[in-house]
Amino acid sequence: MQDLKVKAVRGGLVRLCGRGTNLVLRLGVLMILARLLTPKDFGLVGMVTAFTGVLALLRDFGLSTATVQRPTVSISQLSTLFWINILAGFGLTILVMAMAPAIAAFYHQPQLIGLTVVLALAFFFNAAGVQHMALLQRQMRFTTLSVIDVLSLIVSAAIAVAGAEAGYGYWALTAMPVSAPLVATIGFWVAARWIPGKPRRGAGVRSMVRFGGILSLSGLIAYIAFNSDKVMIGRVWGASAIGVYGRAYQLINIPVDGINLSVGEVAFSTLSRVQGDPIRLKNYFLKGFSFILGLTIPVTIVSALFANDLVLVALGPKWAGAATILRLFSPTIASLAIINPLGWLIYSLGLAQRNVKITAVFAPIMIAGCLLGLPYGPRGVAFAYSAVTTLWVLPHIAWCVTGTPIAFRDVLLAASRPLASGVVAGGLAFATHGLYGQSFSPLIRLTLGTSVVFTTFFGILLFVAGQKALYMDLFRTLKKTA
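Residues numbered from 1 in each chain as written. Predicted model: local features only at pLDDT ≥ 70, side-chain atom pairs only at ≥ 80, totals over all residues. Heavy atoms only, no water.

Engineer: What exactly am I supposed to notice about the overall build of the protein here?
Structural biologist: Helix and strand counts for the protein stand at 19 helices and zero strands. Radius of gyration (C-alpha) of the protein: 22 Å, near the 23 Å computed for a compact globule of 482 residues. Across the 482 residues of the protein, 56% fall into the buried class. Contacts spanning at least 24 positions in sequence make up 84% of the contacts within the protein whose residues lie at least 6 apart. Approximately 20,200 Å² of the protein is accessible, and the part contributed by carbon and sulfur atoms is 70%. Here the protein contributes 37 positively and 12 negatively charged side chains, and the mean placements of these two sets differ by 6 Å. (Helix = DSSP H or I, 4+ residues; strand = E, 2+ residues; numbered from the N terminus. Rg over C-alpha atoms; globule rule 2.2 N^0.38 Å. Buried < 20%, exposed > 50% of the residue type's maximum accessible area, 1.4 Å probe, protein only. Contact = heavy atoms within 4.5 Å. Areas by Shrake-Rupley, 256 points an atom, 1.4 Å probe, with all protein chains shown as cover. Lys, Arg positive; Asp, Glu negative; His and termini not counted. Charge placed at Lys NZ, Arg CZ, Asp CG, Glu CD.)

Engineer: Would you mind going over empty space enclosed by the protein with me for this structure?
Structural biologist: Picture a little ball the size of a water molecule; that probe, rolled over the atoms, points out where space is still empty. A full pass over the atoms with the stated rule returns four cavities of 30 Å³ or more. The space that makes up the second largest cavity amounts to roughly 80 Å³. Lining the second largest cavity are Tyr-249, Ile-252, Asn-253, Val-256, Phe-329, Thr-332, Ile-333, Leu-336 and Tyr-385. Elements that contribute at least two residues to the lining of the second largest cavity include exactly helix H11 (239–273) and helix H14 (322–348). Among the residues making up the lining of the second largest cavity, the classes are represented as seven nonpolar, two polar and no charged. (1 Å grid on protein atoms, 1.4 Å probe; cavity = no way out; pocket = protein on both sides within 12 Å on 5 of 7 lines; lining within 4 Å. Points joined across faces, edges and corners; volume = space filled by probe spheres on them. Nonpolar A, V, L, I, M, F, W, Y, C, P; charged D, E, K, R; others polar.)

Engineer: Can you help me understand helix H10 (residues 206–237) in this one?
Structural biologist: In an α-helix there are 3.6 residues to a turn, and that puts residues three or four apart on one side. Between the first and last C-alpha of H10 there are 45 Å, a value that for 32 residues agrees with the 46 Å anticipated at 1.5 Å per step. The principal kink in H10, of about 50 degrees, is found at Asn-227. Note on H10: the residue one or two positions beyond its end, Gly-238, has a positive phi of about 95 degrees. (Expected span 1.5 Å × (residues − 1). Bend = angle between axes of the 7 residues up to and from the residue.)

Engineer: How do you make sense of the pattern of salt bridges when you look at a structure like this?
Structural biologist: A side chain with one charge can pair with a side chain of the opposite charge if their charged atoms come near. This structure, assessed with the given rule, holds three salt bridges. The closest approach of N and O atoms between Lys-282 and Asp-410, which form a salt bridge, is 3.3 Å. Of this pair, Lys-282 sits in helix H12 (residues 278–305) while Asp-410 sits in helix H17 (residues 408–436), placing them 128 residues apart in sequence. Asp-309 serves as the salt-bridge partner of Arg-445, at 2.6 Å between the closest nitrogen and oxygen. Residue Arg-445 is found in helix H18 (residues 442–463), and its partner Asp-309 is found in helix H13 (residues 307–314); the two are separated by 136 residues along the sequence. The exposure classification of Arg-445 matches that of Asp-309, with both residues buried. (Salt bridge = Lys/Arg side-chain N within 4 Å of Asp/Glu carboxyl O.)

Engineer: Mind showing me how you'd approach the confidence of the model for the protein here?
Structural biologist: Fine structural detail should not be taken from predicted coordinates in areas where pLDDT scores are low. Chain-level statistics for the protein give a pLDDT mean of 84 and a share of 90% at 70 or above. Confidence, read as mean pLDDT per element, is least for helix H19 (residues 468–481) in the protein (67) and greatest for helix H16 (residues 377–401) (94). (pLDDT = per-residue confidence, 0-100.)

And the structure:
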């Protein structure tokens, strides 16, 4: 506990660097594959993953989170949970393979049968490494985790690009979701140096399984809420439409997901260790919350103001239709940057049942909103998606913090400074963009605009909004690790 803060800050930096490398690689691969393949190729794979993604949430039944959240975990408990994960992974693999004909019939695309069967293998590969990954996370070995993440991405990306260049079309896109978990699982086993023993009845995992089950149920409901849009568009508007819509969503989700996962993984591990100390819990949470907003808000501004240039640079001219969708998705980034960190708080305190109730209320609202936007095509759905997410922010905050050491006003105050800095930075970037207009190439315009946004944002945040102390504290803590 004495060096927990140092481990948390160091781990956060390592994970950010790892996710940053991951982000660059994923964007690079996306840029290459977007030029080698067609929107329909991406759309076909997106149709399958819209269904299999639901079951992906069940690949470990929340047991990895339960392992990290518990104050103490025995080797017998880890072994028992490992075999539960293996059984679940095998069962999900068989289930998804059996669903292949139904998925193909739903979309009227016969080629989806083979795609679904191949993608199903990822469930078993994931399950074999879940507890090893959780053990490394529990030990806060974030450097090791980052190295494994990057290596698995490099290997899977190389296979995907080689397949696309060889003319395998949509089959090349199956390489990453299947080979990445296989490589990662091998890495987790080698790094953890732990061989599971036999499962035991009296290992005391019942409460952990219950916690994981509640967590999985919550994740399942949330997944349906946040991904029903893709199923609707694929069913009504076809593979090409979901291909364009999905790439716009992916382009905006890659950096945000990377930021949230890297900071969230460390934050959850840290908050779980101090769950019995309300003062430290509040202090750590608000600092992490402010930090993740500071990283995410500039991404929101760039996506909103420079969507056309971003799509041209990242995807190429044939994906120009994704720019409007990308711009419509921009408010979602800021909303999720506020919503997602509250999950750290709830789960670290063991309040998984509350999250089930929250998602059970939110899911039908989101689905209804997407249905209203569906007749207007992908753009209508994207608008509805962002509108519902934005309107949900304040009720979500109020519900999450009830009965916790964090007050509603604490969250609003922490969010107000990055948001206000973002408004000013966005206004200045918009004005600057108007001066040089179309005088430069898309890449130069995007580089200039992004530079203005980040420089102005952090200048205001640190020296006007009073966030300098937060970042100086992080810097001083990092120096202790040198």
